Amino acid sequence: MAESGADAGAEDAAPAPAIGTASTRPLAARLAELSGTIVFRIAYLAVFAFLLAPFVVVAGTSLDASGAVVFPPSGVSLRWYDTLLSSPDWIRAARNSLIVAGGTTMVSTTLGVGAALGLRNVDSWPATVVTGIALVPLLVPGVVLGVALLVFFSQLGLQQQIPTIVAAHSLWATPLTFSVMRATFARYDWRLRDAALNLGASRPRAFLEVVVPNVRAGLLAAACIAFVVSLQEFVMSLFLSGRETRTIPVMAWNSLRNSLDPLVSVTSTLLVVAVLLVVLAVGVTAGLERIARDT
Amino acid sequence: MSLGDATPTDSDVRAAFRRATAAVSGRSAGLVAPLLLFDLLVFVVPFGYLVRISLTEQATAQAFVEGTWSLDGYRFIAESATIRREFVFTLGFAAVVTALAVGIGLVYAYAMWRAEGPLRVALVAGVLVSMFTAIVVKLFAAVLVFSPNGVLNAALVGSGVIAAPLTLVNNVPGAVIAQLYIVVPYAVLATFSVLATVDESLVEAARDLGASRPRAFLAVVLPHTVPGLLVAGVIAFTWSVGSYAAPLLLGSGSERTVGIEVADLLLQEFDWSAAAALAVVVTTTVIAALTLAYLLMRRQGGASAEVAADG
């Protein structure tokens, strides 16, 4: 701080260096730079629109009064939301999605927290190996994983069952909860826990009463990421689910393959709103940028 | 931690040290074991079984012939002109998607990094929401936006920019756009996570020394970003080589990737030997690409460590 202050003072005293600052550069160069800046702004705003515009369109079509999927909506109505609520198939899919996402959250958070805790003092090769092993499933194409799991679990007679889908989703969610928790534990001051141990707390008690309250934000972030990963996954679910165990994305995919169904607009909108709420909740407790960096 | 740290004469100290680490790693192992066991049961064993099935005889009446050993599946996919064409298409498709995703990811991540206040929050939130949104929803939305009578064409034709609607679905551009929706958020975050570690005052310093904005970016920021770009490229490439949903929904019958072929062989042709063989080949391709990127990254990592040491 003191140093930069001194620098600024020196700059005030002496005239600009000879290499040419913004003010001494020729006009053409400055114009070129200005247009470059404008192109850059347009580029990233276009990407921003590219990323988000679809949601506006999907939400718009879900509110349309007619039976066609059109944007902008010709008349605003909630009739398709009503239709959805009276469709047993979609209700069952929603229930399946919630059960699978809840199960995935529990399994992958437990596995991720345990492994991150076990490796918290370890920086050498065992940590690298475990991280590598946990990450590999994330890099295998979903189709290949879906096919491998379908072939394997159908030999055991476990295909089309909820626990199988939970296991498949946990394969992708666990590396993420593991890496979030590793980053979280690395930031935690473990002397607090040691103090609790010195004062006679048992290990589990010290963990639950001293560590957990301090890493709540990280835990919540890990759990939410696992939940959302499961909620949106569909390639593996497509192979592993049956008529009774279909999740929302699988239902949506099946009807999309046939035609543009207003009910898909409605469920898509609800899914996006659910994700928005989760991201907002995590953003408030853990900070958006931390999620952007840790995962 | 290296072997050279220990003095051979201090055998008592070393034994004590070993006992201490054994106690610590015993508890650590207990906590790490469930994750490893889970990966073993749900990933390693099923994948091993897939490899085993890829080595069985093909059969017409059933999925595969149990207990046989044969290279039928691999021979079948090597000799099929269709599958070879699909393989070439998939690699080209993945290359195009990767190049676009890395470029777009860099522009957006750089904007995120340089932005401040509400704009920064909006840009970060935008990419997170897109990343966490169901792939099905993104693909469905892409159909609504990019189809001939979709929102984009309506806007472009309506405002007179173009005379006739652009065909952006049921072809290669459609498949590429759809796949970009899946990989761009990850490319952005991979690049951003590296950019976030770069000291922003470096840019100001370069500017003060007279570098133009593009020059400051190319000479100062870009070299530091390369590891992030490599990770972005790896994610985009591996996921595109295995792409299934995007080309199936927004491509036409001629934009068939090997991922689609694996699913068809399994579910429609009921030829499990060939499906498993192709799945193994796809995975091997992905792992080969990853290994190559890892070697590149290690070399790059050494170089950037030197840069850091210099600075």
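Residues numbered from 1 in each chain as written. Chains lettered and ligands numbered in written order. Predicted model: local features only at pLDDT ≥ 70, side-chain atom pairs only at ≥ 80, totals over all residues.

Per an unreviewed UniProt entry, chain B goes by ABC transporter permease and derives from Halorubrum yunnanense. As its UniProt record puts it under Sequence similarities (unreviewed entry), chain B is described as follows: "Belongs to the binding-protein-dependent transport system permease family. CysTW subfamily." The UniProt entry for chain B carries the following text under Subcellular location (unreviewed entry): "Cell membrane". (UniProt positions renumbered as here; feature names shortened; annotations may be inferred.)

The name given to chain A in an unreviewed UniProt entry is ABC transporter permease, with Halorubrum yunnanense as the source organism. The Sequence similarities (unreviewed entry) field of the UniProt record for chain A holds the comment "Belongs to the binding-protein-dependent transport system permease family."

Engineer: I would appreciate a short explanation of the overall build of chain A in the present structure.
Structural biologist: Secondary structure summary: chain A contains 14 helices and zero strands in total. Helices (α) and strands (β) of chain A occur, in sequence order from the N terminus, as α-α-α-α-α-α-α-α-α-α-α-α-α-α. Of all 295 residues assigned to chain A, the portion counted as buried reaches 41%. (Helix = DSSP H or I, 4+ residues; strand = E, 2+ residues; numbered from the N terminus. Buried ≥ 20, exposed ≤ 12 C-beta atoms within 10 Å, placed from the backbone.)

Engineer: What am I meant to see in the overall build of chain B here?
Structural biologist: Within chain B one finds twelve helices and zero strands. When its helices and strands are written in sequence order, chain B yields α-α-α-α-α-α-α-α-α-α-α-α. Here chain B, with 311 residues, has 43% of them falling under the buried criterion. Long-range pairs, those at least 24 residues apart, make up 71% of the contacts in chain B between residues at least 6 apart in sequence. (Contact = placed C-beta atoms within 7 Å.)

Engineer: Please clarify how the domain arrangement of chain A should be interpreted in this entry.
Structural biologist: One frequently used descriptor of interface size is the decrease in accessible area upon assembly of the parts. Residues and elements named next belong to chain A. Considered domain by domain, chain A is made up of domain 1 (22–77) and domain 2 (87–294). Here the C-alpha centre of domain 2 lies 32 Å away from the C-alpha centre of domain 1. Contacts between domain 1 and domain 2 engage eight residues on the former and seven residues on the latter. Taken together, the residues of the side of domain 1 that touches domain 2 break down into four nonpolar, three polar and one charged. (Domains from an automatic or database assignment. Nonpolar A, V, L, I, M, F, W, Y, C, P; charged D, E, K, R; others polar.)

Engineer: Explanation requested: the interface of chain B and chain A in the structure shown.
Structural biologist: With 71 residues of chain B in contact, the opposing surface of chain A contributes 69 residues. When residues of the side of chain B that touches chain A are assigned to their parent elements, the largest contribution, 17 residues, is made by helix 1 (residues 11–54) of chain B. The class makeup of the residues in the side of chain B that touches chain A is 57 nonpolar, eleven polar and three charged.

Engineer: Would you take a moment to explain the confidence of the model for chain B for this structure?
Structural biologist: For any part of a model where pLDDT is low, the fine detail of the predicted coordinates should not be relied upon. Residue and element names in this part refer to chain B. Confidence in the prediction of chain B, expressed as mean pLDDT, is 83, and 88% of residues score 70 or more. Here residues 1–8 scores under 50 on pLDDT; set against residues more than four positions off or in separate chains, the count is two contacts. In this model, residues 304–311 is a region of pLDDT below 50 whose contacts with residues beyond four sequence positions or in other chains number three contacts. As a predicted assembly, this complex carries a pTM of 0.81 together with an ipTM value of 0.79. (pLDDT = per-residue confidence, 0-100.)

Engineer: Help me out: how do you make sense of the environment of L219(A) in this one?
Structural biologist: Here L219(A) lies in helix 10 (residues 216–232). Here the alpha-carbon distance between L219(A) and L171(A), two residues 48 residues apart in the chain, equals 18 Å.

Engineer: Before we go on, may I ask you to explain the UniProt feature "domain: ABC transmembrane type-1" (unreviewed entry) in chain A in this structure?
Structural biologist: This chain's UniProt record puts "domain: ABC transmembrane type-1" (unreviewed entry) on residues 94–282 of chain A. Helix makes up 82% of residues 94–282 of chain A and strand 0%, and the two end C-alpha atoms of the span are 23 Å apart.

Engineer: Looking at this structure, how should I read the packing of helix 4 (residues 88–118) of chain A against helix 10 of chain A?
Structural biologist: The axes of two packed helices give the description: the angle between them and the distance between them. Residue and element names in this part refer to chain A. The contact between helix 4 and helix 10 brings their axes to 8 Å, and the two run at 140 degrees. Taken together, the axis directions place helix 4 and helix 10 in an arrangement best described as oblique. Considering the relative orientation of helix 4 and helix 10, their crossing is right-handed. Here S97, V100, A101, T104, T105, S108, T109 and G112 of helix 4 lie close against helix 10, whose contacting residues are A222, A223, A226, F227, S230 and L231. (Axes fitted to C-alpha atoms, helices over the stretch in contact; angles between N-to-C directions. Parallel < 35°, antiparallel > 145°, perpendicular 65-115°, else oblique. Left-handed = near helix turned anticlockwise from the far one by under 90°.)

Engineer: I would appreciate a short explanation of the nonpolar core in the present structure.
Structural biologist: The nonpolar side chains of soluble globular proteins are, as a tendency, buried together. Core analysis: the biggest nonpolar cluster contains 168 residues, and V147(A), L139(B), V183(B), A187(B), V262(B), L278(B) and A279(B) have the highest contact counts within it. It is helix 7 (residues 172–195) of chain B that contributes the most residues to this core, 17 residues altogether. Once residues lying within four places of it in the same chain are set aside, the contact partners of L278(B) are I77(B), I83(B), V258(B), E261(B), V262(B) and L265(B). (Core = buried A, V, L, I, M, F, W, Y, C linked by C-beta atoms within 7 Å.)

Engineer: Please explain the environment of G126(B) as it appears in this structure.
Structural biologist: Tracing the backbone shows G126(B) in helix 4 (residues 117–132). On the neighbour-count criterion, G126(B) (20 C-beta atoms within 10 Å) is buried.

Engineer: Got a minute to help me understand the UniProt feature "transmembrane region" (unreviewed entry) in chain B in this structure?
Structural biologist: Residues and elements named next belong to chain B. Mapped onto this structure's residue numbering, the UniProt feature "transmembrane region" (unreviewed entry) falls at residues 31–51, 87–111, 123–144, 151–169, 175–195, 216–239 and 274–296. Structurally, residues 87–111 is divided into 100% helix and 0% strand, and its ends, taken at the C-alpha atoms, are 36 Å apart. Between the end C-alpha atoms of residues 175–195 the distance is 30 Å, and the span holds 100% helix and 0% strand.

Engineer: Whenever I open this one, the confidence of the model for chain A confuses me. Can you help?
Structural biologist: All names here are of chain A. Confidence in the prediction of chain A, expressed as mean pLDDT, is 81, and 84% of residues score 70 or more. The least confident element of chain A, judged by mean pLDDT, is helix 1 (residues 2–13) at 40; the most confident is helix 4 at 93. Segment residues 1–20 is flagged for pLDDT under 50; beyond a separation of four residues in sequence, or across chains, it makes six contacts in the model.

Engineer: What exactly am I supposed to notice about the UniProt feature "domain: ABC transmembrane type-1" (unreviewed entry) in chain B here?
Structural biologist: Taking the numbering used here, the UniProt-annotated feature "domain: ABC transmembrane type-1" (unreviewed entry) corresponds to residues 87–293 of chain B. Strand forms 0% of residues 87–293 of chain B and helix 79%; the C-alpha atoms that close the span are 20 Å apart.

Engineer: What should I look at first to understand the UniProt feature "transmembrane region" (unreviewed entry) in chain A in this one?
Structural biologist: Residue and element names in this part refer to chain A. Under the local residue numbering, the UniProt record ascribes the feature "transmembrane region" (unreviewed entry) to residues 42–63, 98–117, 129–153, 165–185, 206–231 and 263–288. A helix fraction of 100% and a strand fraction of 0% characterise residues 98–117, whose end C-alpha atoms lie 28 Å from each other. Annotation note: span residues 129–153, helix share 92%, strand share 0%, distance between end C-alpha atoms 27 Å.

Engineer: Where do I start with unusual backbone geometry in this structure?
Structural biologist: Peptide bonds are trans in most cases, and residues, glycine excluded, mostly fall at negative phi. Residues and elements named next belong to chain B. One non-glycine residue, N170, lies in the positive phi region at around 60 degrees. Along the chain, the position of N170 falls in the loop between helix 6 (151–158) and helix 7. Backbone geometry at F270 places phi at a positive 55 degrees, although glycine is not the residue there. Take F270: it is sitting in the loop between helix 11 (258–267) and helix 12 (272–310). What makes F270 partly exposed here is the crowd of 14 C-beta atoms within 10 Å.

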